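Reading the structure
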Amino acid sequence: MSLGYSFMPSPFYITTAIDYANGSPHLGHAYEKVLSDVISRHMRMGGRKVHFLTGLDEHGQKVQQTAQKRGVEPQVLVDEIAAVFKGMLGDLNISHDDYIRTTEPRHKKVVQGFLQQLFDQGLIYKGQKTDWYSTRQEQFLTDKDRAPDGSWPEIYGEVTQTTEENYYFKLTQFQPWLIEHIRSHPEFITPRFRQNQVLEFLKEPMNDLCISRPKTRLAWGIELPFDTSFVTYVWFDALTNYYSAVADKGLWPADVHVIGKDILSPPHAVYWPCMLKALGIEPPRQLLVHGWWTVNNQKASKSAGNAADTLGFVASHGADAFRFYLCREMVVGQDADFSTITFENRYKADLGNNLGNLVNRLLNMVGRNYAGAIPAASADEELEQDLRRLWDDSVRKYAEAFAEYQVSHALEALWVFISAMNAYIEARAPWKLAKSADAADRARLDSCLAHVAEGLRLVGTLLTPVMPATCAKLLTNIGRPVAASFEGQLTWSAVCTGSNVAEKCILFPPVEAPQETSAT
Ligand code: MSP
């Protein structure tokens, strides 16, 4: 059974959102990297030449404010934060090919080039807008910020009307094109139900997009090339990273931007395609929109004080168990909840009992009865045939789910097979067969261990993108090389015959969960 990939080196360009450099990494950041990494590794093993980009969004008001509070230069602050975010990528075993920071010259150059081109095309104009402004909070307010009685809440201090001059991008004129583009490219926004939300948003006429901030208010940004008393609005800056990182690599358009639901509309579904259209550049092929994690049913965020604890599971249970949990627990597109109970359940049941024990049983039986060398299958009865058929079925379902990036469904299908292997071993009862003097029973024992070994080889191969280190260990312990490609490796075979297995191997040792600190 093949996964249906053509083993052609057509490049696959995948990105994550670039995280704000104004806090510590948390579960939401981690999940997006893991999901994108699993897709990247899967595509690489499927024969695609992958370019996986992630990075940091380093400009804007919040960074400027935090730096001021701490009395450091913004650049010093973002350098520190970049090191922490990169550290998380290492901890999670993320295989990105490039890391872009919006303060890098390669990025600034492209942002300024874009701005200049739009300005020269007459698509950027200077305008004036009158707004409510809170000096205490240094932010503009809208009527939504008013208290129910119409007054301004205390936290804003004195609120005054100010008129500010800014530059505007003629977004409005691209609205009909965008609606048509979304309608004619149903794969553009995935999962599909998100597309309807965007089209709903587009029913209202859009406003032109303010793409500048006067330096008097915000100095920490990329200067407008045609007016250096302004810097670029942070979203115009940030979105451009996807292009600036590959400007000289010939990789555009991106195959998929992986993002959270909060930044779909308007930034990714509206601003970005319209900016590119105006510049005469193709839009990205797809936006893969995931939902939000809560922790113990509370929003995962720095302020809730609970999100950082979840990353503690990487240290306690290992990056692979954490990666598996995130991929298995969240249906891509929907929200999910992280809790110690569900984590420990998956660790013990799915990983330890279902997969880990199976490996140990195999090593044990092969060690005891075959001096550690996996026997050749000889008997071939209904039980074996059923197991092989189930593999074909599972790998097909896995591939189908993965084609839509539904990783949790793919894993579900794979675990049906792993459970079936456990049921198979129970049904065959090799420990009984080993005691029998009957030649037919010995043949069944050969087949049983050969089938379990081959089943585990297949599982270890297909699961490598999700749990790279664990699968490498699994495969090595059954005497097989680490899996680098799916090509020719996902069909039932006899390659394990004669392989020497390790004496024992604990893939998922019992461990303590990190202590929970109470949220809020
Ligand atoms: N800097 C912008 C993105 C610019 S992309 C050109 C930003 N940064 S962020 O740090 O706030 O979020 C980064 C990503 O993490 C976003 O895709 C966001 O949806 C995701 N998550 C942040 N918190 C999350 C959860 N609690 N759950 C899942 N993902 C969430 O937005």
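These lines cover the structure that appears in this document, whether it is placed above or below. (Residues numbered from 1 in each chain as written. Predicted model: local features only at pLDDT ≥ 70, side-chain atom pairs only at ≥ 80, totals over all residues. Heavy atoms only, no water.)

**So, the overall build of the protein chain**
Secondary structure assignment for the protein chain yields 17 helices and 17 strands. Counting over 520 residues, the protein chain shows a buried share of 54%. Taking contacts inside the protein chain between residues at least 6 apart in sequence as the whole, the part at least 24 apart equals 77%. Counting only carbon and sulfur atoms, one obtains 51% of the accessible surface of the protein chain, whose full area is about 22100 Å². Averaging the coordinates of the 51 positive side-chain charges in the protein chain and doing the same for the 60 negative ones gives two points 2 Å apart. (Helix = DSSP H or I, 4+ residues; strand = E, 2+ residues; numbered from the N terminus. Buried < 20%, exposed > 50% of the residue type's maximum accessible area, 1.4 Å probe, protein only. Contact = heavy atoms within 4.5 Å. Areas by Shrake-Rupley, 256 points an atom, 1.4 Å probe, with all protein chains shown as cover. Lys, Arg positive; Asp, Glu negative; His and termini not counted. Charge placed at Lys NZ, Arg CZ, Asp CG, Glu CD.)

**Side note on helix H12 (residues 340–370)**
Since one α-helical turn is 3.6 residues long, residues separated by three or four positions face the same way. The largest bend along H12 measures about 40 degrees and falls at Gly-352. Positive phi appears at Ala-371, one or two residues downstream of H12, with a value of about 50 degrees. (Bend = angle between axes of the 7 residues up to and from the residue.)

**Here's the deal with the site of the ligand**
The immediate surroundings of the ligand are formed by 24 residues, with Ile-18, His-29, Glu-32, Asp-57 and Asp-262 found nearest. Here the ligand loses 95% of its free accessible area of 660 Å² to cover by the protein chains. Of the residues that constitute the shell around the ligand, the class distribution is 12 nonpolar, eight polar and four charged. (Near = heavy atom within 4 Å. Nonpolar A, V, L, I, M, F, W, Y, C, P; charged D, E, K, R; others polar.)

**Let's talk about the packing of aromatic side chains**
What the rule picks out here adds up to 27 aromatic pairs. Summarising the aromatic geometry, the rings of Tyr-167 and Phe-226 are spaced 5.2 Å apart at their centres and angled 70 degrees between planes, so their arrangement reads as edge-to-face. Taken together, the residues Tyr-167 in strand E7 (residues 159–169) and Phe-226 in the loop between strand E11 (223–224) and strand E12 (227–232) connect sequence positions 59 residues apart. A residue is classified by how much of its surface remains accessible, and Tyr-167, at 7% relative accessible area, is buried. Here Phe-226 falls in the buried class, since its relative accessible area comes to 18%. Consider the rings of Tyr-347 and Phe-508, whose centres lie 6.0 Å apart with planes at 85 degrees: the pair is edge-to-face. (Phe/Tyr/Trp six-rings, centres within 6.5 Å; stacked < 30°, edge-to-face > 60°.)

**Some remarks on unusual backbone geometry**
Backbone geometry follows two general trends: most residues other than glycine have a negative phi, and most peptide bonds adopt the trans configuration. The linkage connecting Trp-252 with the following residue, Pro-253, adopts the cis geometry, with an omega of 5 degrees. Considering the arrangement of structural elements, one finds Pro-253 in the loop between helix H8 (241–244) and strand E13 (256–260). Here the amide bond leading from Ser-265 into Pro-266 is cis, since omega sits at 10 degrees, within 30 degrees of zero. Position of Pro-266 relative to the elements: it lies in helix H9 (residues 264–279). Not every positive phi belongs to a glycine, and Ala-371 is a case in point at roughly 50 degrees.

**Examining the sheet that holds E11**
Ordered by their spatial adjacency, three strands build an open sheet running E10-E12-E11, and the pairing between neighbours is antiparallel. Two strands close off the open sheet at either side, each with one partner strand: strand E10 (212–214) and E11. (Pairing = 2+ DSSP bridges.)

**Observations concerning the pattern of salt bridges**
For the coordinates displayed, the defined rule picks out 31 salt bridges. For Arg-217, the salt bridge goes to Glu-164, with nearest N and O atoms at 2.9 Å. Pair noted here: Arg-217 is in the loop between E10 and E11 and Glu-164 is in strand E7, with a separation of 53 residues, a long-range link. For the pair Arg-217 and Glu-164, one class covers both residues: buried. Of the charged contacts, one joins Glu-381 and Arg-428 as a salt bridge, the two residues approaching to 3.0 Å between their closest N and O atoms. Here Arg-428 lies in helix H14 (residues 407–428) and Glu-381 lies in the loop between H12 and helix H13 (382–403), a separation of 47 residues in the sequence. A relative accessible area of 30% means that Glu-381 is categorised as partly exposed. The class for Arg-428 is buried, based on a relative accessible area of 10%. Linked by salt bridges that have partners in common, Glu-381, Glu-384, Arg-428, Asp-441 and Arg-444 make up one network. (Salt bridge = Lys/Arg side-chain N within 4 Å of Asp/Glu carboxyl O.)

**Some details on the packing of H12 against helix H16 (residues 439–462)**
Packing of H12 against H16 leaves a shortest axis separation of 10 Å and a crossing angle of 140 degrees. Considering their axes alone, H12 and H16 lie oblique with respect to each other. The two elements H12 and H16 meet at a crossing, and its hand is left-handed. Contacts between H12 and H16 involve Leu-355, Leu-358, Val-359, Leu-362, Met-365, Val-366, Asn-369 and Tyr-370 on the former and, on the latter, Arg-442, Leu-445, Asp-446, Leu-449, Val-452, Ala-453, Leu-456 and Val-459. In the contact of H12 with H16, the residues fall into 13 nonpolar, one polar and two charged. (Axes fitted to C-alpha atoms, helices over the stretch in contact; angles between N-to-C directions. Parallel < 35°, antiparallel > 145°, perpendicular 65-115°, else oblique. Left-handed = near helix turned anticlockwise from the far one by under 90°.)

**What about the sheet that holds strand E6 (residues 139–141)?**
Read from one edge to the other, the open sheet built from four strands follows the order E6-E5-E7-E9, with strand pairing classed as antiparallel. The outermost strands of the open sheet, each flanked by one partner alone, are E6 and strand E9 (209–210). Strand direction decides the pairing type here: E7 and E9, joined by two bridges, are antiparallel. Counted as the bridge partner of Phe-169 is Leu-209 from E9.

**A few points about the environment of Gln-117**
Turning to its location among the elements, Gln-117 is positioned in helix H4 (residues 105–120). What makes Gln-117 partly exposed here is its relative accessible area of 30%. For Gln-117 and Phe-236, which are 119 residues apart along the polypeptide, the C-alpha to C-alpha distance reads 14 Å.

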